[in-house]
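Descriptive analysis of the structure
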Amino acid sequence: MKITFIGYGQVGGPLADHLQRLGHEVILAAAELNSSNLQKALGQNPGLLVAPPQEAVRRAEVVFLATPFQANEAALKSVSEELTGKILVDCTNPVGPNLTHGLNSSQSGSEMVQKLVPEARVVKAFTIYGFENFENSSYPGYNVKPVMMYCGADSGAKEIIARLIAQLGWQPLDVGGLEQALHLEHMTLLWVRMVRVNGHTPHVVWAMLTR
Ligand SMILES: NC(=O)c1ccc[n+]([C@@H]2O[C@H](COP(=O)([O-])OP(=O)(O)OC[C@H]3O[C@@H](n4cnc5c(N)ncnc54)[C@H](OP(=O)(O)O)[C@@H]3O)[C@@H](O)[C@H]2O)c1
């Protein structure tokens with residue numbers, strides 16, 4: 001697939017790298033060529049492509065948004081037209097003071113993203129763990145894979161993202177419509193508080209058992 005990344009820091013960088021190595025055409029949307037994240041990503045993987053944001057989004061079938069939540073509005077503004085009909089994977093989390101929900105749980109960050117780009121097909125994914133697990137998603141020694149939960153209103157878009165999730169080594173788990181994003185964002189806060197405050201290993205992930 002043709003996949004563009006808006007934001008390629010701790011989260012976007014490793015995901016872009018892995019997806020390119022899986023055979024996808026991955027473009028980094030670059031407004032600022034001096035970005036140290038851009039140089040680091042290209043240093044690790046010269047197969048990544050670079051294009052100005054509007055062109056990068058125009059060329060993509062799927063766009064990953066991996067920017068600080070507060071930057072979302074600015075990051076999306078110049079590419080909102082190009083996002084019409086495209087799948088937008090929202091990797092962002094609204095985090096407030098003292099690791100609280102950044103929108104006071106009044107709405108999810110992903111619903112806010114959808115309002116910013118109403119013509120895009122927003123899927124929330126790759127948010128519930130820290131970046132360490134995007135750098136390496138291998139958990140040898142278990143006969144189940146860790147889950148990657150995702151949600152969104154568009155079932156066709158979700159099917160495509162589920163395939164990417166599986167290729168990246170996770171078990172895709174569709175948790176419902178975009179209104180579920182609020183609950184994923186709280187799961188993220190649970191993980192962040194467990195790991196960044198309470199000292200659990202950053203490699204703690206969730207798995208699904210059913211019968
Ligand atoms: N860190 C984690 O463990 C983790 C895990 C899951 C989800 N998340 C969420 O993922 C998102 C990204 O986190 P991160 O840790 O990857 O952040 P990061 O390392 O700071 O990277 C942020 C990226 O966004 C870019 N950016 C900033 N403002 C922008 C704008 N206005 N327009 C376009 N691009 C812009 C930066 O550009 P430059 O390269 O030019 O600086 C950089 O490439 C956040 O919303 C975070 O809550 C983080």
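Here the residue numbers are simple positions, counted from 1 along each chain's written sequence. It should be noted that, the model being predicted, local features are given only for residues of pLDDT at least 70 and side-chain atom pairs only at 80 or more, the latter also being counted only at that level, while totals for whole chains, interfaces and linings use all residues.

Glancing now at the sheet that holds strand 10 (residues 171-174). Pairing in this open sheet of eight strands is mixed, and the strands run 3-2-1-4-5-8-9-10 from one edge to the other. Each end of this open sheet is capped by a strand with a single partner; those strands are strand 3 (49-51) and strand 10. Between one strand axis and the next, the sheet turns by 30 degrees as a mean value, whatever way the strands run. Between any two strands, pairing holds if DSSP finds at least two bridges. Strands here mean DSSP runs of E at least two residues long; helices mean DSSP runs of H or I at least four residues long; both are numbered from the N terminus. With three bridges connecting them, strand 2 (residues 25-29) and strand 3 associate as parallel partners. Counted as the bridge partner of Ile27 is Leu49 from strand 3. Here contacts are defined at the residue level, using C-beta atoms placed from the backbone and a cut-off of 7 Å between them. To obtain an axis, a line is fitted to C-alpha atoms, over the contacting stretch when the element is a helix, and the angle between two such axes runs from 0 to 180 degrees between their N-to-C directions. The strands touched by helix 1 (residues 12-21) within the sheet are strand 1 (2-6), strand 2 and strand 4 (62-65), with strand 2 carrying the most contacts at an inclination of about 155 degrees.

The next subject is the pairing of strand 1. Residue burial is a threshold on neighbouring C-beta atoms within 10 Å of the residue's own C-beta, all placed from the backbone, with 20 or more meaning buried, 12 or fewer meaning exposed, and counts in between meaning partly exposed. Of all the five residues making up strand 1, four are buried; the element is thus mostly covered by neighbouring parts of the structure. Looking at chain direction, strand 1 and strand 2 are connected through four bridges and run parallel. Within strand 2, the position partnered with Ile3 by the bridge is Val26. Crossover connection from strand 1 via helix 1 to parallel strand 2: handedness right-handed. Pairing geometry for strand 1 and strand 4, over four bridges, is parallel. By the bridge assignment for strand 4, Ile6 is matched with Leu65. Whether a crossover is right-handed depends on one test, that the path from the first strand over the helix to the second runs clockwise when the strands point away from the viewer.

The subject of this paragraph is the site of the ligand. Working rule for contacts: place C-beta from the backbone, and if it is within 6 Å of a molecule or strand, that residue counts as near it. Neighbouring the ligand are 25 residues, the closest being Gly7, Gly9, Ser35, Asn37 and Thr92. Listing elements by their share of the shell around the ligand, those giving two or more residues are helix 2 (36-44) and helix 4 (72-77).

A word on the confidence of the model for the protein. Here the protein shows a mean pLDDT of 97. Residues at 70 or above account for 100%. One confidence number per residue, pLDDT, is output by the predictor and ranges from 0 to 100. Taken element by element, the predicted model of the protein shows its lowest mean pLDDT in helix 6 (residues 132-135) (96) and its highest in strand 5 (residues 87-90) (99).

Let's shift gears to unusual backbone geometry. A positive phi angle, near 55 degrees, is found at Asn98, a position not held by glycine. Tracing the chain through its elements places Asn98 in the loop between strand 6 (95-96) and strand 7 (100-101). Of the residues examined, Asn98 has 7 C-beta atoms within 10 Å and is grouped as exposed. You will see that Ser105, though not glycine, has its phi angle at about 60 degrees, which is positive. Locating Ser105 in the fold gives a position in the loop between strand 7 and helix 5 (109-116). On the basis of neighbour count, Ser105 is assigned to the partly exposed category, with 15 C-beta atoms found within 10 Å.

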